[in-house]
Every structure is written in C-alpha cells, then in structure tokens.
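Results of the structural survey
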Amino acid sequence: MAIIYGVFSASNLITPSVVAIVGPQLSMFASGLFYSMYIAVFIQPFPWSFYTASVFIGIAAAVLWTAQGNCLTINSDEHTIGRNSGIFWALLQSSLFFGNLYIYFAWQGKTQISESDRRTVFIALTVISLLGTVLFFLIRKPDPENVLGEDESSDDQDLEVDESAQNNMTKAVDAFKKSLKLCVTKEMLLLSITTAYTGLELTFFSGVYGTCIGAINKFGTEEKSLIGLSGIFIGIGEILGGSLFGLLSKNNRFGRNPVVLLGILVHFVAFYLIFLNMPGDAPIAPVEGTDSGAYIRPSKEVAIFCSFLLGLGDSCFNTQLLSILGFLHSEDSAPAFAIFKFVQSICAAVAFFYSNYLLLHWQLLVMVIFGFFGTISFFAVEWDAAAIVARGSDYRSI
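Residues numbered from 1 in each chain as written. Predicted model: local features only at pLDDT ≥ 70, side-chain atom pairs only at ≥ 80, totals over all residues. Heavy atoms only, no water.

In the nomenclature of an unreviewed UniProt entry, the chain corresponds to UNC93-like protein MFSD11 from the organism Heterocephalus glaber. Annotation of the chain in UniProt includes, under Sequence similarities (unreviewed entry), the sentence "Belongs to the unc-93 family." For the chain, the Subcellular location (unreviewed entry) comment in UniProt is given as "Membrane". (UniProt positions renumbered as here; feature names shortened; annotations may be inferred.)

This paragraph deals with the overall build of the chain. Each helix and strand counted, the chain has 14 helices and zero strands in total. Ordered by position from the N terminus, the helices and strands of the chain form the series α-α-α-α-α-α-α-α-α-α-α-α-α-α. Intrachain contacts of the chain at a sequence separation of at least 6 include 83% that bridge at least 24 residues. (Helix = DSSP H or I, 4+ residues; strand = E, 2+ residues; numbered from the N terminus. Contact = heavy atoms within 4.5 Å.)

Let's shift gears to the nonpolar core. In this structure, Leu-191, Phe-204, Tyr-209, Ile-274, Met-278 and Leu-310 are the most contacted members of the largest nonpolar core, which totals 58 residues. Of all the secondary structure elements, the ones that give two or more residues to this core are helix H1 (2–11), helix H4 (47–74), helix H9 (186–215), helix H10 (225–248), helix H11 (257–277), helix H12 (300–328), helix H13 (334–354) and helix H14 (360–390). Considering every element that reaches this core, the biggest residue donor is H12, with 13 residues. Residues contacting Leu-191, with those up to four places away along its chain left out, are Leu-321, Ile-324, Leu-325, Leu-328, Phe-378 and Val-381. (Core = buried A, V, L, I, M, F, W, Y, C linked by side-chain atoms within 4.5 Å. Buried < 20%, exposed > 50% of the residue type's maximum accessible area, 1.4 Å probe, protein only.)

The next thing to look at is the pattern of salt bridges. Per the stated rule, a full pass over the model turns up two salt bridges. Arg-119 is the salt-bridge partner of Glu-115, the closest N and O atoms lying 3.2 Å from each other. Taken as a pair, Glu-115 and Arg-119 lie in helix H6 (residues 115–135) at a separation of four residues, close to a single helical turn. Relative accessible area serves as the criterion here: at 45%, Glu-115 is assigned to the partly exposed category. Of the residues examined, Arg-119 reaches a relative accessible area of 32% and is grouped as partly exposed. Here Arg-256 ties to Glu-382 by a salt bridge, and the two come within 3.1 Å at their closest N and O atoms. You can see Arg-256 sitting in the loop between H10 and H11 and its partner Glu-382 sitting in helix H14, a full 126 residues away along the chain. Looking at Arg-256, the relative accessible area reads 6%, which means it is buried. (Salt bridge = Lys/Arg side-chain N within 4 Å of Asp/Glu carboxyl O.)

As a further point, take the side chain of Thr-319. As for its position among the elements, Thr-319 is in helix H12. Classification of Thr-319 as buried rests on a relative accessible area of 2%. Among the polar contacts made by the side chain of Thr-319, one reaches the main-chain carbonyl oxygen of Ser-315 at a distance of 2.7 Å. Setting aside anything within four residues of it in sequence, one finds Thr-319 in contact with Ser-85, Gly-86, Trp-89, Gly-242 and Phe-245. (Polar contact = N/O pair within 3.5 Å; in protein donor to acceptor, adjacent residues only side chain to side chain.)

Here, UniProt's "transmembrane region" (unreviewed entry) annotation points to residues 18–41, 48–67, 87–107, 119–139, 226–247, 259–278 and 360–381. Annotated as 95% helix and 0% strand, the span residues 87–107 places its first and last C-alpha atoms 30 Å apart. Span residues 119–139 is 81% helix and 0% strand, its end C-alpha atoms 31 Å apart.

Take the side chain of Lys-341 next. Among the structural elements, Lys-341 can be located in helix H13. At 9.0 Å, Asp-314 is the nearest oppositely charged side chain to Lys-341, a buried residue that forms no salt bridge. Those residues within four positions of Lys-341 in sequence are excluded, and the remaining contacts are Phe-8, Asn-12 and Trp-65. (Lys, Arg positive; Asp, Glu negative; His and termini not counted.)

This paragraph deals with the packing of H9 against H11. Running from N to C, H9 and H11 cross one another at 40°; their axes reach a closest spacing of 14 Å. Classed by the angle they form, the pair H9 and H11 counts as oblique. When the axes of H9 and H11 are compared, the crossing they make is left-handed. Taking contact as the criterion, the partners of Tyr-197, Glu-201, Phe-204 and Tyr-209 in H9 are, on H11, Ile-264, His-267, Phe-271 and Ile-274. (Axes fitted to C-alpha atoms, helices over the stretch in contact; angles between N-to-C directions. Parallel < 35°, antiparallel > 145°, perpendicular 65-115°, else oblique. Left-handed = near helix turned anticlockwise from the far one by under 90°.)

Considering every residue of the chain, the mean pLDDT works out to 83; 85% of them sit at 70 or more. Within the chain, H11 carries the highest mean pLDDT (95), whereas helix H7 (residues 154–164) carries the lowest (49). The low-confidence segment residues 150–154, where pLDDT is below 50, has four contacts with residues more than four positions distant or belonging to other chains. Here residues 394–398 is modelled with pLDDT under 50, and outside its nearest four sequence neighbours on either side it reaches 20 contacts, counting other chains as well. (pLDDT = per-residue confidence, 0-100.)

What follows concerns the packing of helix H3 (residues 24–41) against H6. Following both chains from N to C, one finds H3 and H6 inclined at 175°, their axes separated by 9 Å at the closest point. Between H3 and H6, the angle falls in the class roughly antiparallel. Between H3, through Phe-29, Gly-32, Leu-33, Tyr-35, Ser-36, Ile-39 and Ala-40, and H6, the contact on the second element is made entirely by Phe-122, Leu-125, Thr-126, Ser-129, Leu-130, Thr-133 and Val-134. Tallied by class, residues from the contact of H3 with H6 come to nine nonpolar, five polar and no charged. (Nonpolar A, V, L, I, M, F, W, Y, C, P; charged D, E, K, R; others polar.)

Taking 1.5 Å per residue, 29 residues should reach 42 Å; H12 reaches 42 Å between its end C-alpha atoms and fits that length. Here H12 lies mainly inside the structure; 25 of its 29 residues are buried. (Expected span 1.5 Å × (residues − 1).)

A word on a nonpolar patch on the surface. Taken together, the side chains of Ile-193, Trp-362, Leu-365, Ile-369, Phe-370, Phe-372, Phe-373 and Ile-376 define a hydrophobic patch exposed on the protein surface, amounting to about 740 Å² of accessible area. The biggest single contributor to the nonpolar patch is H14, with seven residues. Along the chain, Trp-362 falls in helix H14. Overall, the relative accessible area of 46% leaves Trp-362 in the partly exposed class. (Patch = residues over 30% accessible without salt bridge, like charges linked within 9 Å, V, L, I, M, F, W, Y side chains within 5 Å. Areas by Shrake-Rupley, 256 points an atom, 1.4 Å probe, with all protein chains shown as cover.)

A complete count under the given rule lists 18 aromatic pairs for this structure. An angle of 80° between the planes, with centres 5.1 Å apart, marks the rings of Phe-97 and Phe-98 as edge-to-face. Residue class for Phe-97 comes out partly exposed when judged on its relative accessible area of 22%. Members of the aromatic cluster, connected to one another through ring pairs, are Tyr-38, Phe-42, Phe-50, Tyr-51 and Phe-122. (Phe/Tyr/Trp six-rings, centres within 6.5 Å; stacked < 30°, edge-to-face > 60°.)

As structure tokens, this is what we get:
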C-alpha cells in the first residue's frame, strides 16, 4: 500500500501531460491493462512480481483517475455533470458490495484460504478486469455542442485548431504548467482541504476500520467474518449515496452544499458511535486481538451500522467533489482531477502510516478536525461559484 500510494501521488504530477498527448480513452485502456496485470499477479504471487506490479499500478491508477475525470467532464454538460458523477460513483463502489458478498458466503467458516480458492477468485477477477478494459473503447465520442464549456468564442476555436497542430512535447509541457498554476488558485487550495479529508477517511474505512472490527475479541468467533460484512455495508452506503445524489442532482435547486453537509453529519455520527463502541487500542492490537473495554459493550449491529454510515458519507463528499471539479474546470479538467487525486493519495498514504501508531480516538479526532474545515472550505467555493452564476457568468470565470 505504501508503494502504491507513494507512486500514485508522484505520478499525478505527470498524468495531465499523458492524457493531453494520448487522450482519455487510450489512457484508460492502457491503465486498465496494468490493473489486470496487478490482479493476475495474485494467481501465483512472488515477492518480486508483487512489488513490481505495485509500482506499475501506482502509475496506472494516477493516469486512470485523471483520464476518467476528463472523460466524465467532456461527456457531461452543466445540467448532467452532477447526475453523471453520482452514477459513476455508484457503479465504481458496487464492487465493494458484490466482491465482499461473494467472499462472505464462499469463504464463510474457513480459517485458511487454499490455493484453489485464491486462484479461482483472481482468475475470475482478471477476466472481468480485461473485459472492462476492452469496453473503454465503446465509450462514445461527445458531440462538440454537448460538451461542458461549450460557449466558446471564435477566438477560442481558432486557438483549439492551433493547439491541435502543436507537437506532443509542447502539449505535455503546457499541461504540466497548467497543473502548477492551478495548484495555487484560491479555489483549488480550498478544495484541497476537503480532498485531504477524503484521503484520511478513505484510509480509515478501507483499512483501519476493518482491522478494528477483526481485533475485538468480544465479538467472538464471528469477528473475522464481520470484516467482510462491514465491506458489504460500506458498499451499500456508497451505492445508495451515489445513486440518490445522481438522481436528485437534476432537480436540486440548492447546489452541492446540502449533500456535503449531510456527508459530514453522517460521518460525525459514525465517528461518535465508533468512539463509544470500540476500544482505543483496536487499530494497533496484536494478532491475538484485544480484550480492552469501550465506553459501551461492543455491539456487532452498531459496528455494521457505522460501516453503512462511513460509506454513505464518503459518497456525499466524492460525488460533489467530482461534480464541482467538472464545473470549475470544464474546459481543461485533466489537471484539476490530477491535483485532486494527488492530494487525496498523499493524505491516504500519511493516514496509512500513522494508523499503525495512533490510538483510535486520536485518529477519529484528526478526521473530525479535517472534516470540519474541509466542509467549510467546500461551502466557500460553492458559494463563490453560485454568486458568479447569479451575476450572469458561469463557473469557468472563477
């Protein structure tokens, strides 16, 4: 994980250049091949192949996310970007539900994972990944009049023709310069606080929380199977949030702020219940687990309910971040999405590091602080954008 997120963070600096040269569709296809290679390594894993594949997937993930954000933006307009962001997020997170559901039932009661079990799962996942990668070529090319940022002057169109004549090196350099300039804009600096929070809570629900559940001996013999069940309910929360906010965005007159507010309130409720329900040493407990007490008697039902809340809150933040980035930077979205994943992956890597040393309540406190200020900073960007729209301009004027 350290290798993947470290390479992921660094690679986001060059991904706008890659997408500018080869385009989003070919970028996603090439990245998908590396994802498939990474999955295939687990069919018969060796240390050298595992760590090497981790480097390659770190690079591929950076390219894939930047190209995906660019593809989402150019296939949306100002009325559909919110809906499309929600649909994308629901589809993405459906893997959490179906993957964990299969493992929960197929491996229920097993204390050892046999080679046959492992190979069956990873051969199937490799085939599915390759199929999904090929399907990238079926993504439609958007009509120029339907693309976000359609109101271009004749000067803009002439400039676009000139740019198409530039060589690849010039395109790459221009994309890199745009990324650096974008980093220091007021809007991106404010959104970076929100993005940092999503990186911290990503690490928490994808790594730390499952570890905590599996470490509590008071859950009895079901403590390990509860990890899979927790993943299922995180997935349900993610899918529900993405679907719901995607459907509601078309008729949402109040902007993105209410969804983000819902997200932080849901997460604060989850953090408080986790604080009460789980012992402080759960994240750093030894392999034997922990018998330490919490403020209430550890409850499986509360633990699984918190998994659902973590997923729902995460979908609130990510769908709205994808939506607002597509709005703010509709004409050239690749650098914006690269910075988004750069900040998120760095914070996720930092959280993976400190999660091995900090007690649970300190980890929750860090997320509460970042969540509070991240929500306020998102509100500020959304209010500024809405004010400019009200004056007869649009998000691209920011």
